[in-house]
Amino acid sequence: DFESLLAEGYRRQGYSVMENSSEGPDGGVDLRLRRGGGTHLVQCKQWRSHKVGVRVVREMFGVLHDQQAHGAIIVTSGMFTQDARTFAIGKPIDLVEGPQLVEMIRAIQGSEGCMAPSVLDVHESAPSCPSCGGGLVLRTARRGPSAGQQFWGCSTFPACRFTKPIKVAS
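Each chain has its residues counted from 1, running along the sequence as written. It should be noted that, the model being predicted, local features are given only for residues of pLDDT at least 70 and side-chain atom pairs only at 80 or more, the latter also being counted only at that level, while totals for whole chains, interfaces and linings use all residues. In computing side-chain properties, one takes all heavy atoms of the structure into account and sets aside hydrogens as well as water.

Describing the packing of aromatic side chains
Basically, it comes down to this: Ring geometry is summarised as follows: Phe, Tyr and Trp rings, the Trp one being its six-membered ring, pair when their centres sit within 6.5 Å, and such pairs are stacked at plane angles under 30 degrees, edge-to-face over 60 and tilted between the two. Type-normalised accessible area, obtained with a 1.4 Å probe on protein chains alone, sets the label of each residue: buried when under 20%, exposed when over 50%, and partly exposed for intermediate values.
Considering all chains together, one arrives at two aromatic pairs under this definition. Ring centres of Tyr 10 and Tyr 15 lie 5.8 Å apart, and the angle between their planes is 80 degrees; on these two criteria the pair is classed as edge-to-face. Classification of Tyr 15 by relative accessible area gives buried; the value is 6%. Taken together, a centroid distance of 5.9 Å and an interplanar angle of 85 degrees make the contact between Phe 61 and Phe 87 edge-to-face.

As structure tokens, this is what we get:
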């Protein structure tokens, strides 16, 4: 059900979503997202009692390369360890944890069947990339002067490196 909820959230962001329907091992991939010619793999971790460690992120990085996807997203109801966050820096892996997940769920619940805003920003709908025409996805800067701040980044990264700051609603 956690995976189905996330699948609906990504559909409302304009992704074509394929859920893993096999009964056996999923190879670390719960959802496959397609938009703008790129594929992103999603792994869902509904853990409340402990943090998601670096091993999970490393394994997903291997799956990402094995399946030649453009990026990966690991979503947890809990938090990531600092080692997991550090490993993801500079890699096409987005880490979505508890507080960001809460915003996604609120967006789904409040949408009443219409297109919901993006996962992390309930004040701005997902724009298209003016550079390549792909979709923009919400990301969080992991280093530099903007570390921890959110921005729009092209879903085809690293092929397109377009970014756009988020407009903060008053």
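Quick look at the nonpolar core
Applicable threshold: Side-chain atoms within 4.5 Å are what join buried Ala, Val, Leu, Ile, Met, Phe, Trp, Tyr and Cys residues into a set we call a nonpolar core. Numbered from the N terminus, helices here are DSSP runs of H or I no shorter than four residues, and strands are runs of E no shorter than two.
Counting residues in hydrophobic clusters, the biggest one holds 18 residues, and the most contacted among them are Leu 41, Val 57, Met 60, Ile 74, Phe 80, Ile 93 and Leu 95. Of all elements in the fold, only α2 (54-66), β4 (71-76), α3 (82-88) and β5 (93-96) reach the threshold of two or more residues within this core. Counting residues in each nonpolar core, the second largest holds 15 residues, with Leu 6, Leu 31, Val 75 and Leu 101 among its members.

Quick notes on the pairing of strand β2 (residues 31-35)
The test is simple: Here, any two strands with at least 2 DSSP bridges between them count as paired.
Only one face of β2 is covered, namely the one carrying Leu 31, Leu 33 and Arg 35; the face carrying Arg 32 and Arg 34 has none of its residues buried. Of the pairings in the sheet, the one linking strand β1 (residues 16-19) to β2 comprises four bridges and is antiparallel in character. In the sheet register, Met 18 faces β2, and the bridge partner there is Arg 32. Note: β2 against strand β3 (residues 38-45), five bridges, orientation antiparallel. Bridging across to β3, Leu 31 finds its partner in Val 42. Where β2 folds back onto β3 in an antiparallel hairpin, the turn is made up of two residues, including Gly 36, whose phi is positive at roughly 65 degrees.

A closer look at the pattern of salt bridges
Short version of the rule: Salt bridge, as used here, is a side-chain nitrogen of Lys or Arg placed within 4 Å of a carboxyl oxygen of Asp or Glu.
Per the stated rule, a full pass over the model turns up five salt bridges. Of the charged contacts in the structure, one is a salt bridge between Glu 59 and Arg 55, with a shortest N-O distance of 2.6 Å. Separated by four residues within a single helix, Glu 59 and Arg 55 lie in helix α2, roughly one turn from each other. The class for Arg 55 is exposed, based on a relative accessible area of 56%. Between Arg 85 and Glu 97 there is a salt bridge; the shortest N-O distance is 3.1 Å. Remark: Glu 97 occurs in the loop between β5 and α4 (98-109) and Arg 85 occurs in helix α3; sequence separation between them is twelve residues. Judged by relative accessible area, which is 14%, Glu 97 ranks as buried. Overlapping salt bridges bring together Glu 8, Arg 11, Arg 12 and Glu 19 as one network.

Structural notes on helix α1 (residues 2-11)
Keep this limit in mind: The arc in question is the one traced by the directions running from the helix axis out to the C-beta atoms.
What α1 keeps buried is the set Phe 2, Leu 6, Ala 7, Gly 9 and Tyr 10. Projected down its long axis, α1 shows its buried positions confined to an angular sector of 160 degrees, all on one face.

Here's the deal with the sheet that holds β2
Using the following cut-off: Here, axes are lines fitted to C-alpha atoms. For helices the fit covers the stretch in contact, and angles between N-to-C directions go from 0 to 180 degrees. Any two residues having at least one pair of non-hydrogen atoms within 4.5 Å are treated as being in contact.
Strands sit in the order β1-β2-β3-β4-β5 across an open sheet of five strands; the sheet is mixed. The open sheet has two edge strands, β1 and β5, and neither has a second partner. Between one strand and the next, the sheet's axes are offset by a mean angle of 20 degrees, whatever the strand orientation. Relative to β1, α1 is tilted by about 165 degrees, and along the sheet it contacts β1, β2, β3 and β4. Contacting β3, β4 and β5, α2 runs over the sheet at an angle of about 155 degrees to β3.

A short note on α2
Because an α-helix packs 3.6 residues into every turn, residues spaced three or four apart end up facing the same way. Heads up, the condition is: A helix's residues, less one, multiplied by 1.5 Å, set its expected span.
Compared with an ideal rise of 1.5 Å per residue, which puts 13 residues at 18 Å, α2 spans 18 Å between its outermost C-alpha atoms and is within 8% of the ideal. Burial in α2 covers these residues: Val 54, Val 56, Val 57, Met 60, Val 63 and Leu 64. Each element contacted by the buried residues of α2 is listed here: β3, β4, α3 and β5. Just downstream of α2 lies Gln 68, where phi reads positive at about 55 degrees.

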